[in-house]
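# Fold and contact review
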Amino acid sequence: MSASRIIDVTLGAVVMGTVGTLIGFLMGGGFFPVAVCLGILLGAGVGMFGGRRFFLSIFIGAILGGLLGWSLGGIDAVTVGAASGAAMGGFLGVWISMIIDLVIQRHSQVPETNVHLEQPSQNKS
């Protein structure tokens, strides 16, 4: 496994493991270890496919959502704002990633070749 793939898997496990930890903490009881394990496994799986842009969008969404929740509803609304912001950041990150890939694909189209189909000549001798 390459170094960048290891970094992606580690980053995914940390980001989604943190999300799982927060979800498990809010749900309480026996859900905590399940939520943490699921977060780590999902994060490592997405990291295996190279989801850096996806994780960055989740991170930015969580920060902005937490700040918005804090400014609008006080300290009690930070967790809800961060969770909502992370979800929206994830959705927007997927869409932005798809658009970026589409633009790259359109700019790297295969150059046209000058291949002409020649029709058989009909020589009248």
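My aim in this report is to walk through the structure given alongside it, one point at a time. (Residues numbered from 1 in each chain as written. Predicted model: local features only at pLDDT ≥ 70, side-chain atom pairs only at ≥ 80, totals over all residues. Heavy atoms only, no water.)

### Focus: helix H3 (residues 52-73)
The terminal C-alpha atoms of H3, which comprises 22 residues, lie 31 Å apart, in line with the 32 Å expected from a rise of 1.5 Å per residue. For H3, the complete set of buried residues consists of Phe 55, Ser 57, Ile 58, Gly 61, Gly 65, Gly 66 and Gly 69. Down the axis, H3 shows its buried residues gathered within 160° of arc, on one side only. In H3, the exposed positions that point more than 90 degrees away from the buried face belong to Phe 59, Leu 64, Trp 70 and Ser 71. On its buried side, H3 packs onto helix H1 (3-27), helix H2 (31-48) and helix H4 (78-107). Gly 74, located one to two residues past H3, shows a positive phi value of around 85°. (Helix = DSSP H or I, 4+ residues; strand = E, 2+ residues; numbered from the N terminus. Expected span 1.5 Å × (residues − 1). Buried < 20%, exposed > 50% of the residue type's maximum accessible area, 1.4 Å probe, protein only. Arc of directions from axis to C-beta. Contact = heavy atoms within 4.5 Å.)

### Notes on the packing of H3 against H4
The N-to-C vectors of H3 and H4 enclose an angle of 145°; their axes lie 6 Å apart at closest approach. Taken as a pair, H3 and H4 cross one another with a handedness that is right-handed. Contacts between H3 and H4 pair Arg 53, Phe 54, Ser 57, Ile 58, Gly 61, Ala 62, Gly 65, Gly 66 and Trp 70 from the former with Val 78, Gly 81, Ala 82, Gly 85, Ala 86, Gly 89, Gly 90, Gly 93, Val 94, Ser 97, Ile 100 and Asp 101 from the latter. For the contact of H3 with H4, the per-class residue count stands at nine nonpolar, ten polar and two charged. (Axes fitted to C-alpha atoms, helices over the stretch in contact; angles between N-to-C directions. Left-handed = near helix turned anticlockwise from the far one by under 90°. Nonpolar A, V, L, I, M, F, W, Y, C, P; charged D, E, K, R; others polar.)

### What about the packing of H1 against H3?
Running from amino to carboxyl end, H1 crosses H3 at an angle of 30°, the nearest separation of the two axes being 10 Å. By the angle between their axes, H1 is roughly parallel relative to H3. Once H1 is placed against H3, the crossing between them reads as left-handed. Side by side, H1 and H3 meet where Ser 4, Ile 7, Asp 8, Leu 11, Gly 12, Val 15 and Met 16 of the first sit next to Arg 52, Phe 55 and Ile 58 of the second. (Parallel < 35°, antiparallel > 145°, perpendicular 65-115°, else oblique.)

### As for the pattern of salt bridges
For the structure on display, the rule yields one salt bridge. The shortest N-O distance in the salt bridge between Arg 52 and Asp 8 comes to 2.4 Å. Taken together, the residues span a long stretch of sequence, with Arg 52 in helix H3 and Asp 8 in helix H1 at a distance of 44 residues. In this structure Arg 52 comes out as partly exposed when scored by relative accessible area, which is 41%. (Salt bridge = Lys/Arg side-chain N within 4 Å of Asp/Glu carboxyl O.)

### Considerations on the environment of Thr 21
Its place among the elements puts Thr 21 in helix H1. On the basis of relative accessible area, Thr 21 is assigned to the partly exposed category, the value being 30%. Sequence separation of Thr 21 and Val 36 is 15 residues, and the distance between their C-alpha atoms is 5.0 Å. Leave out the neighbours within four places in its chain, and Thr 21 touches Phe 32 and Val 36.

### Points about the nonpolar core
Membership of the largest hydrophobic core is limited to five residues, which are Val 15, Met 16, Phe 55, Ile 58 and Ala 86. When contributions to this core are tallied by element, the ones reaching two or more residues are H1 and H3. Setting aside residues no more than four positions away along its own chain, Phe 55 makes contact with Asp 8, Leu 11, Gly 12, Val 15, Met 16, Gly 43, Val 46 and Gly 47. (Core = buried A, V, L, I, M, F, W, Y, C linked by side-chain atoms within 4.5 Å.)

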